[in-house]
Amino acid sequence: MYQYNEFDHAFLKDRTAEFRDQVARRLAGELTEDEFKPLRLMNGLYLQLHAYMLRVAIPYGTLSAKQMRQLGMIAKRWDRDWGHFTTRQNIQYNWIKLDDVPDILDALAEVEMHAIQTSGNCIRNVTADQFAGVAADEIEDSRVWAEIIRQWSTLHPEFTFLPRKFKIAITGSEHDRAAVKLHDIGLRMRRNEAGETGFEVIVGGGQGRTPIVGETIRDFLPKQHLLSYLEAILRTYNLLGRRDNLYKARIKILVAAVGIEKFAEMVEEEWLEIKDSALALEPEQIRAIEEHFAPPQYETIAEPVAGFDAARFTDPAFAAWTRTNLFPHKQPGYAVVTVSLKPAGGVPGDATSAQMEALADLAEKYSLGELRIAHEQNVVLPDVRKQDLHRLWQELGEQGLADANIGLITDIISCPGLDYCNLANARAIPIAQRISRHFADPALQSEIGPITLNISGCINACGHHHVGNIGILGVDKKGVEHYQITIGGIADENAAVGRILGPSFPAEEVVDAIDTLIATFRKIREEGETFIDTVQRVGIQPFKETLYANH
Ligand code: HEM
Ligand code: SF4
């Protein structure tokens, strides 16, 4: 993992001291809320419906056990004993008291974490594939590049006041697990014909009120040019992006307005000027960062691992969990484990302090001390020996963390919605809870098969509803919470925006509506088809007809 140097430590210390002073002045009435707002937002502190909310960055979703334990400690000591992991690999604390924030920032700094650039019109936390560095299907560890981008983008003087927030995601495999086509810039590692690795650069994707799938601006960018090319994109956007209208300020609107070819030309022109500047990455610079992500000392373990296979044979519940929650590891004898934060009736992405502490302990015991946060709001233990999986699963069960539902209908992504968020039209969490209770039966989930169901409490789309195979969007219909349903959304390399099925439903009808869609799918699916396969084959019409048959 990346380790802070002395400069990093000193910088965070100074920054917290500065904010401590600003908070003291606010509490003493020397600063008005209007004066204080930009200062708190620079430190990830929002004012929500009921309380302050602190958003803490988890760079590229990687955490050490020590950091996870500290996040749990913060939840216990200064919040209501839980935290919410988000679709951008951050954690949010929803019940923060203003006068505690400087102490919280100090506690974060102790473990090399902070809340800087988790808000505002700057480059936000760079997100990455949660299986980076361990996935069997990976071309290269994307965290090295995410870290290089993080260092370049943190406090970048030119990009602190962009027209709007800016989000970059990166994936190291052909299969995109980081939703890169739905980011302002998406990077996908590629190998060219000569066998060299580089990036496909995608630009202008985004969700919110204008969902757009990003377009490729460059098929192959050699690695040494990564920063100069990103700089050229950001400069072009910073100059030409709209500042007159909040809703038209994202880069996706600029790219759509000028067209990808013209935009690419402008970027290329800028890039030629700076390509060979100090931004060009020297091999030793890259190597220095790579060293932080050197693979751990794995044991040599022969496959198949007898104990693992035997446990699967004798324990069907464990076997079911291994079918959904494991991912192939690069190293023989190891597995990547996704721990579900989606128990039936639970709040997607929430973890209690006890769970965070237990996850930290389990990471130390079974996963070489490391954890990841997935954008689907789950936790990953990346390095588990197969012979330890059964024991790990049992211990996860003791913490209510052994749900076998990754990639299934109850693995719901949801934003906080009207329970917390002051932009919300409708609640999202209770809808997620009802749906996950309704479909809790493991046999039913397995029969339905792989599917994504995403919920947002308003059109800002923090819950990725546009790109869920089923998307649910909270809308306000004459003061009453309603929900609009889309189908056909996809978040990976085949990214697509879902299509609206028709008029929205009141909260009490949403579960029935989803049930109707699933029943329709089960009736018309062909052998081996997933939900999205069927939607792509038949279109939305059959679903629309059954959904509105009785309306
Ligand atoms: C509760 C406080 C939050 C506020 C005030 C907030 C605000 C917003 C706004 C205004 C947008 C639309 C930006 C635009 O299109 O220009 C947005 C987008 C987004 N937010 Fe949030 N958000 C909050 C929490 C969250 C949470 C909890 C998550 C993750 C679960 C999240 C993840 C995202 C994502 C993924 C997008 C869409 C991607 C994009 O930027 O195009 N946000 N948020
Ligand atoms: S989608 Fe809307 S309701 Fe949900 S967190 Fe984002 S801004 Fe709030």
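Residues numbered from 1 in each chain as written. Chains lettered and ligands numbered in written order. Predicted model: local features only at pLDDT ≥ 70, side-chain atom pairs only at ≥ 80, totals over all residues. Heavy atoms only, no water.

The name given to the protein in an unreviewed UniProt entry is Nitrite/sulfite reductase, with Nisaea acidiphila as the source organism.

## As for the overall build of the protein
Tallying secondary structure elements over the protein gives 18 helices and 21 strands in all. By the compact-globule yardstick of 24 Å for 551 residues, the protein fits well, its C-alpha radius of gyration being 23 Å. Along the longest, intermediate and shortest principal axes, the C-alpha atoms of the protein span 60 × 60 × 60 Å. Within the protein, the fraction of its 551 residues that count as buried is 60%. Contacts in the protein between residues at least 24 apart in sequence constitute 67% of all its contacts with a sequence separation of at least 6. Working note: accessible area of the protein is about 22,400 Å², and carbon and sulfur atoms make up 51% of it. With 58 positive and 77 negative side-chain charges, the protein shows a spacing of 4 Å between the two charge centroids. (Helix = DSSP H or I, 4+ residues; strand = E, 2+ residues; numbered from the N terminus. Rg over C-alpha atoms; globule rule 2.2 N^0.38 Å. Buried < 20%, exposed > 50% of the residue type's maximum accessible area, 1.4 Å probe, protein only. Contact = heavy atoms within 4.5 Å. Areas by Shrake-Rupley, 256 points an atom, 1.4 Å probe, with all protein chains shown as cover. Lys, Arg positive; Asp, Glu negative; His and termini not counted. Charge placed at Lys NZ, Arg CZ, Asp CG, Glu CD.)

## Considerations on the packing of helix H3 (residues 65–78) against helix H12 (residues 353–366)
Across the interface, H3 lies against H12 with an axial gap of 8 Å and an inter-helix angle of 165 degrees. Classified by the angle between their axes, H3 and H12 sit roughly antiparallel to one another. The two elements H3 and H12 meet at a crossing, and its hand is left-handed. Between H3 and H12, the contacting residues are Ala65, Met68, Arg69, Leu71, Gly72, Ala75 and Lys76 on the first element and Ser353, Met356, Glu357, Leu359, Ala360, Asp361, Ala363 and Glu364 on the second. A class-by-class count of the residues in the contact of H3 with H12 yields eight nonpolar, two polar and five charged. (Axes fitted to C-alpha atoms, helices over the stretch in contact; angles between N-to-C directions. Parallel < 35°, antiparallel > 145°, perpendicular 65-115°, else oblique. Left-handed = near helix turned anticlockwise from the far one by under 90°. Nonpolar A, V, L, I, M, F, W, Y, C, P; charged D, E, K, R; others polar.)

## Considerations on the site of ligand 1
Inspection of the region around ligand 1 gives 22 residues, with Thr87, Lys167, Gln207, Arg250 and Cys462 positioned closest. Contact between ligand 1 and Gln207: an oxygen atom at 2.9 Å from a main-chain N or O atom of the residue. (Near = heavy atom within 4 Å. Polar contact = N/O pair within 3.5 Å; in protein donor to acceptor, adjacent residues only side chain to side chain.)

## Looking at the coordination of the iron atom of ligand 1
Each pair of donors in an ideal octahedron of six around a metal sits at 90 or 180 degrees, and each pair in an ideal tetrahedron of four sits at 109.5 degrees. For the iron atom of ligand 1, the protein contributes exactly one donor atom, Cys462 (SG), at 2.2 Å. With respect to the element layout, Cys462 can be found in the loop between strand S17 (453–456) and strand S18 (470–477). (Donors = N, O, S within 2.8 Å, 3.2 Å for Na, K, Ca; no water.)

## Quick word on the side chain of Glu231
The residue Glu231 is located in helix H6 (residues 226–240) in this model. In terms of polar contacts, Glu231 uses its side chain to reach the side chain of His156, at 3.0 Å. Each residue touching Glu231, except ones within four places of it in the same chain, is listed here: Trp152, His156, Glu158, Phe159, Ile274 and Leu279.

## Section: the sheet that holds strand S12 (residues 334–339)
Sheet architecture is open: five strands sit in the order S3-S14-S15-S12-S11, paired in antiparallel fashion. Across the chains shown, the open sheet's two edge strands, defined by having one partner strand only, are strand S3 (62–64) and strand S11 (326–328). The mean inter-strand angle of the sheet, taken between neighbouring strand axes irrespective of direction, is 30 degrees. Bridging between strand S14 (residues 370–373) and strand S15 (residues 379–385) involves two bridges; their strand directions are antiparallel. Its bridge partner lying in S15, Arg372 is registered against Val380. Its contacts with the sheet place H12 against S12, S14 and S15, and it is angled at close to 25 degrees to S15. (Pairing = 2+ DSSP bridges.)

## With respect to the UniProt feature "domain: Nitrite/sulphite reductase 4Fe-4S" (unreviewed entry) in the protein
If you check UniProt for "domain: Nitrite/sulphite reductase 4Fe-4S" (unreviewed entry), the listed places come out as residues 119–271 and 414–547 in our numbering. As annotated, residues 119–271 comprises 31% helix and 18% strand, and the C-alpha atoms at either end are separated by 28 Å. Secondary structure across residues 414–547 comprises 37% helix and 19% strand; the distance between its end C-alpha atoms is 23 Å. (UniProt positions renumbered as here; feature names shortened; annotations may be inferred.)

## Topic: a negative patch on the surface
A cluster of acidic residues, Glu215, Glu261, Glu265, Glu269 and Glu273, forms a negative patch on the protein surface. Per-element tally for the negative patch: the top contributor is helix H8 (residues 260–274), with four residues. In this structure, Glu215 sits in strand S10 (residues 215–222). (Patch = residues over 30% accessible without salt bridge, like charges linked within 9 Å, V, L, I, M, F, W, Y side chains within 5 Å. Salt bridge = Lys/Arg side-chain N within 4 Å of Asp/Glu carboxyl O.)

## Section: the packing of helix H14 (residues 429–438) against helix H16 (residues 507–524)
Relative orientation of the contacting elements H14 and H16 amounts to 40 degrees, with a least axis distance of 10 Å. Here H16 runs oblique to H14, going by the angle between their axes. As for the relative orientation of H14 and H16, their crossing is right-handed in sense. Counting all contacts with H14, which are made through Ile431, Arg434, Ile435 and His438, the residues of H16 involved are Ala507, Glu508, Val510, Val511, Ile514 and Asp515. The residue makeup of the contact of H14 with H16, split by class, is six nonpolar, one polar and three charged.

## Section: the environment of Gly471
Residue placement: Gly471 occurs in strand S18. You can call Gly471 buried: its relative accessible area is 0%. What Gly471 contacts, discounting residues up to four positions off in sequence, is Asn454, His465, Gln484, Ile485 and Thr486.

## Section: the layout of surface pockets
Of the pockets and cavities examined, the second largest pocket occupies roughly 900 Å³. Along its surface, the second largest pocket is lined by 33 residues, and His175, Glu376, Ile406, Gly407 and Thr452 are the ones closest to its centre. Of the residues belonging to the lining of the second largest pocket, the class tally is 15 nonpolar, 13 polar and five charged. (1 Å grid on protein atoms, 1.4 Å probe; cavity = no way out; pocket = protein on both sides within 12 Å on 5 of 7 lines; lining within 4 Å. Points joined across faces, edges and corners; volume = space filled by probe spheres on them.)

## So, helix H1 (residues 6–27)
In this model, H1 (22 residues) spans 32 Å end to end at C-alpha, consistent with the 32 Å of a helix rising 1.5 Å per residue. Structurally, H1 contributes buried residues whose contacts are with helix H2 (33–41), strand S1 (45–47) and helix H4 (101–110). The N-cap of H1, judged by a side-chain oxygen 3.1 Å from the amide nitrogen of Phe7 a few residues on, is Asn5. Gly29 sits one or two residues past H1 and shows a positive phi near 80 degrees. (Expected span 1.5 Å × (residues − 1).)

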